[in-house]
Amino acid sequence: MNKVTRPDTNEIIRMLSITCPKDIDALYKQAYEVKKQFVGTTVYFRGIVELSNICAKNCYYCGIRRDNPHVERFKLTEEEVIKSALWAYEQHYGSVVLQSGERSDEEFVCFIENTVKALKERTDGRLGITLSLGEQTEETYRRWYTAGAHRYLLRIETSSPELYKKLHPADHDWQARWDCIRTLKKLGYQTGTGVMIGLPYQTLEDLAKDVQFFYDEDIDMIGMGPFIPHADTPLANAIPDYDGDKQLELALKMIAVCRILLQDINIASTTALQALKPDGRELGLLAGANIIMPNITDPQYRANYQLYNGKPCLDENASLCRNCLERRISSIGETIGYDQWGDSPHFTNPVN
Ligand code: SF4
């Protein structure tokens, strides 16, 4: 239940429009103070396993879209997924995210159900499991929840149905996606969503409405990233004067705005920030984010899981990632919440 007032469109646009470096810095500092007060300065890890790049969908911005012939498709076995997830567990990560392209056939649904159950059994229920597996039926979501998953991340990508139409083929339905988010909440999942920032055709008003969407849907966690074009997609050249620095700045401002106005939710500092600047994720933490999702996928598969170009750490194994992250996080004076799920306080402490 939301305990803050509904964010005002003009106020959000005002904050997103700030251009003076001193004022931007003040915005990040304000967000950091709110973060300290409501979620603290402990960073929680969710080790992310990209278990398959096979996808039935064809989103115009995505490098693993169905019609991209330049991708070598892969699907991890159950044992491979479990091996990666158990590695994260042994490293005291607390939780993992199982992510893949979207499939809804029974073989896939069963595969996820069995994998989640096995992970729960092999960790005595101690490993937190988040799923990020796209739009599914209520029955599928229920099966996976019963198997032991307790968080689900389904990005709405944009809260504007009109903009959504420009970014997806006609058979991709914004309303269906919205319905899925509501179903996830109804079933008891801690529910996350998110949007892309700096999309072609997107206005600051669209972004303001995205923040209001998070509020209206009583969202527990947010994973947002800057739009980064992928060369093999229809939107590869949609922004001719694409400026990575500006995209990064807008994404960081969105993180800060969400922290200031929504307060007690979890916000991920996503890898896409790092793709635009090596210390992008640290900047995300300093702008108000509190979650990091280290990639624990076997490096042999990573090159074929590029939703956007320039994804970092493609050839680094999970141990290197862990050491690098520890250094980066302690360099900004924060600590890592090992062995904890790091659930969203918005979900665990609802206040009317
Ligand atoms: S964004 Fe997701 S659903 Fe769309 S093509 Fe990529 S993996 Fe598939």
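Residues numbered from 1 in each chain as written. Predicted model: local features only at pLDDT ≥ 70, side-chain atom pairs only at ≥ 80, totals over all residues. Heavy atoms only, no water.

Caption draft 1: Structural detail: the site of the ligand. Around the ligand, the structure places Cys55, Lys57, Cys59, Tyr61, Cys62, Ile64, Arg65 and Gly101. Broken down by class, the residue content of the shell around the ligand amounts to five nonpolar, one polar and two charged. (Near = heavy atom within 4 Å. Nonpolar A, V, L, I, M, F, W, Y, C, P; charged D, E, K, R; others polar.)

Caption draft 2: Representation of helix H7 (residues 174–187). Its 14 residues give H7 an end-to-end C-alpha distance of 20 Å, which sits within 8% of 20 Å, the value for a rise of 1.5 Å per residue. Within H7, the full set of buried residues consists of Trp174, Arg177, Cys180, Ile181, Thr183, Leu184 and Leu187. Packed against the buried residues of H7 are helix H5 (138–147), strand S4 (151–153), helix H6 (161–167), strand S5 (190–193) and helix H8 (204–216). Taken from the residues just after H7, Gly188 is the one with a positive phi, measuring 105°. (Helix = DSSP H or I, 4+ residues; strand = E, 2+ residues; numbered from the N terminus. Expected span 1.5 Å × (residues − 1). Buried < 20%, exposed > 50% of the residue type's maximum accessible area, 1.4 Å probe, protein only. Contact = heavy atoms within 4.5 Å.)

Caption draft 3: Inspection of H5 at higher detail. Every buried residue of H5 is listed here: Thr140, Tyr141, Arg143, Trp144 and Ala147. Projection of H5 onto a plane perpendicular to its axis shows the buried side chains occupying an angular sector of 160°, all on one side. Contact partners of the buried residues in H5: helix H4 (106–122), strand S3 (128–132), S4 and H7. Among the residues trailing H5, Gly148 stands out with phi positive, at a value near 135°. (Arc of directions from axis to C-beta.)

Caption draft 4: Broad picture of the environment of Pro169. Tracing the backbone shows Pro169 in the loop between H6 and H7. Under the relative-accessibility criterion, Pro169 is labelled buried at 15%. Residues contacting Pro169, with those up to four places away along its chain left out, are Asn58, Cys59 and Tyr60.

Caption draft 5: Just the packing of H8 against helix H9 (residues 244–262), in detail. Packing of H8 against H9 brings their axes to within 11 Å, and their N-to-C directions diverge by 35°. Of the two elements, H8 crosses H9, and the hand of that crossing is right-handed. Taken together, the residues of H9 that come into contact with H8 (itself represented by Leu204, Leu207, Asp210, Val211, Phe214 and Tyr215) are Leu250, Met254, Val257, Cys258 and Leu262. Grouping the constituent residues of the contact of H8 with H9 by class yields ten nonpolar, no polar and one charged. (Axes fitted to C-alpha atoms, helices over the stretch in contact; angles between N-to-C directions. Left-handed = near helix turned anticlockwise from the far one by under 90°.)

Caption draft 6: Main features of unusual backbone geometry. Notably, His92 is not glycine yet its phi reads approximately 70°, a positive angle. Looking at the secondary structure, you find His92 in the loop between helix H3 (78–90) and strand S2 (95–100). Judged by relative accessible area, His92 falls into the partly exposed class, the value being 36%. A positive phi is found at Asp339, a non-glycine position, where the angle reads about 60°. Since its relative accessible area comes to 53%, Asp339 is described here as exposed.

Caption draft 7: Examining the packing of aromatic side chains more closely. Under the defined criterion, the tally for this structure stands at 13 aromatic pairs. Geometrically, the ring pair formed by Tyr141 and Tyr152 is edge-to-face, given 5.0 Å between the ring centres and 75° between the ring planes. Of this pair, Tyr141 sits in helix H5 while Tyr152 sits in strand S4, and the two are eleven residues apart along the sequence. Like Tyr152, Tyr141 is buried. In textbook terms, an aromatic cluster arises when at least three aromatic residues are bridged by ring pairs, as seen for Phe45, Trp87, Tyr93 and Tyr338. Here the basic side chain of Lys75 rests over the ring of Phe111, its NZ or CZ set 3.8 Å away from the ring centre. (Phe/Tyr/Trp six-rings, centres within 6.5 Å; stacked < 30°, edge-to-face > 60°. Lys NZ or Arg CZ within 6 Å of the ring centre and 35° of its normal.)

Caption draft 8: Focus on the pairing of S5. Residues Gln190 and Gly192 of S5 are buried on one face, and the alternating residues Thr191 and Thr193, pointing to the opposite face, are buried as well. Note: S4 against S5, three bridges, orientation parallel. For Leu153, the partnering residue across the bridge sits in S5 and is Gly192. Two elements, S5 and strand S7 (residues 221–226), share two bridges in a ladder whose sense is parallel. Among the inter-strand pairings, Gly192 is bridged to a residue of S7, identified as Met221. (Pairing = 2+ DSSP bridges.)

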